[in-house]
Amino acid sequence: MTGYGDLSNFAQTVGIVGFSRIGRKVVELLKVLDGTTCLVADPHADPAEVSAAGATLVELVDLLPRVDVLSLHAPELQETRHLIGAEQLRLLPDHATVINTARGSLVDSDALAAECASGRLFAILDVTDPEPLPASSPLRRLAQVMVTPHVAGSLGSEIGRLTDHTIDELARWLQQQPLRGEVTAESWALGLSA
């Protein structure tokens, strides 16, 4: 990536893996960066919804070689464990950045450490596998890796916001209005309720 100067002409391709609530929000937030192309990989996403959000739905294998930034927002499921492994990391272009704020198990930590140690990739990890990382993990020492303690989204006002959201949802439920954060059997099974 090119530093933190003028972001009005970001001109990067960002790959979003997982198009549930957080993935959608990231796509929405990226709209302010002129020149940004947003690709989404999610086997359960509706192509029309992805397009309406301003992104393009592609297969993961097609997304990886095209992105400057890979941002993970998939749920932790048996089939998503090490979704990003050595093979997938090799598909990323040189100097790409892997951002994982979802679940540590989505990434093969050893494979990521090897790619970052080579100087080819960068990583920003708000979650790891295992969590916390052992003191001996190379991910703790590499200059190409930033590890945060799973608080990257914290603003200090979480309890108040969670309380407000819960009260608002209860009011909608009492008024027989659609819920904004409804957990359905389908979303629960796919881990999309987070």
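About the cut-offs
Residues numbered from 1 in each chain as written. Predicted model: local features only at pLDDT ≥ 70, side-chain atom pairs only at ≥ 80, totals over all residues. Heavy atoms only, no water. Helix = DSSP H or I, 4+ residues; strand = E, 2+ residues; numbered from the N terminus. Buried < 20%, exposed > 50% of the residue type's maximum accessible area, 1.4 Å probe, protein only. Contact = heavy atoms within 4.5 Å. Areas by Shrake-Rupley, 256 points an atom, 1.4 Å probe, with all protein chains shown as cover. Polar contact = N/O pair within 3.5 Å; in protein donor to acceptor, adjacent residues only side chain to side chain. Pairing = 2+ DSSP bridges. Right-handed = clockwise from strand over helix to strand, strands pointing away. Core = buried A, V, L, I, M, F, W, Y, C linked by side-chain atoms within 4.5 Å. pLDDT = per-residue confidence, 0-100.

**Student:** Can you lay out the overall build of the chain for me, pointing to particular residues and giving the numbers?
**Tutor:** Along the backbone of the chain there are seven helices and seven strands. Reading the helices (α) and strands (β) of the chain from amino to carboxyl end gives β-α-β-α-β-α-β-α-β-α-β-β-α-α. For the chain, the residues scored as buried account for 39% of the 194 residues in total. Long-range pairs, those at least 24 residues apart, make up 60% of the contacts in the chain between residues at least 6 apart in sequence. About 11,400 Å² of surface is accessible on the chain, with carbon and sulfur atoms providing 56% of the total.

**Student:** Kindly report on helix H5 (residues 109–117), identifying the contributing residues and their values.
**Tutor:** Within H5, the full set of buried residues consists of Ser109, Ala111, Leu112, Ala113, Glu115 and Cys116. In this fold, the buried residues of H5 make contact with helix H4 (86–91), strand E5 (97–100), strand E6 (122–125) and strand E7 (145–147). If you check the start of H5, you find a side-chain oxygen 3.1 Å away from the backbone N of Asp110, and it comes from Asp108.

**Student:** I'd like to hear about the pairing of strand E2 (residues 37–41), residue by residue, with values.
**Tutor:** For E2, a buried count of four out of five residues is recorded, marking the element as mostly surrounded by other parts of the structure. Where strand E1 (residues 13–17) and E2 come together, five bridges link them in parallel fashion. Following the sheet pairing, Val14 is matched in E2 by Cys38. Of the crossover connections in this fold, the one passing from E1 over helix H1 (residues 21–30) to the parallel E2 is right-handed. Sheet analysis places E2 next to strand E3 (residues 56–57), joined by two bridges and oriented parallel. Among the inter-strand pairings, Val40 is bridged to a residue of E3, identified as Leu57. Following the backbone out of E2, through helix H2 (residues 47–52) and into the adjacent parallel E3, one traces a crossover that is right-handed.

**Student:** Describe the nonpolar core, and please don't skip the residues or the numbers.
**Tutor:** Ranked by internal contacts, the top residues of the largest apolar core, which has 30 residues, are Leu63, Leu70, Ile84, Leu89, Leu92 and Leu112. Of all the secondary structure elements, the ones that give two or more residues to this core are E2, helix H3 (60–63), strand E4 (69–72), H5 and E6. For this core, the element with the highest residue contribution is H5, accounting for four residues. Once residues within four sequence positions are removed from consideration, Ile84 is found in contact with Leu60, Leu64, Leu70, Leu72, Leu89, Leu106, Val107 and Asp108.

**Student:** Quick rundown of the environment of Asp68? Include the residues and the values.
**Tutor:** By the secondary structure assignment, Asp68 is in the loop between H3 and E4. Measuring from C-alpha to C-alpha, the distance between Asp68 and Val14 comes to 6.0 Å, with 54 residues separating the pair along the chain. The residues touching Asp68, leaving out its near neighbours within four places in the chain, are Gln12, Thr13, His95, Ala96 and Thr97. Polar contacts involving the side chain of Asp68 include one to the main-chain amide nitrogen of Thr13, which spans 2.7 Å.

**Student:** Which residues make up the confidence of the model for the chain, and what are the values?
**Tutor:** The predicted coordinates should not be examined in detail at positions where pLDDT is low. Mean pLDDT over the chain works out to 89, with 88% of the residues at or above the 70 mark. This model gives residues 1–5 a pLDDT under 50, and the stretch forms five contacts once residues within four places in sequence are excluded.

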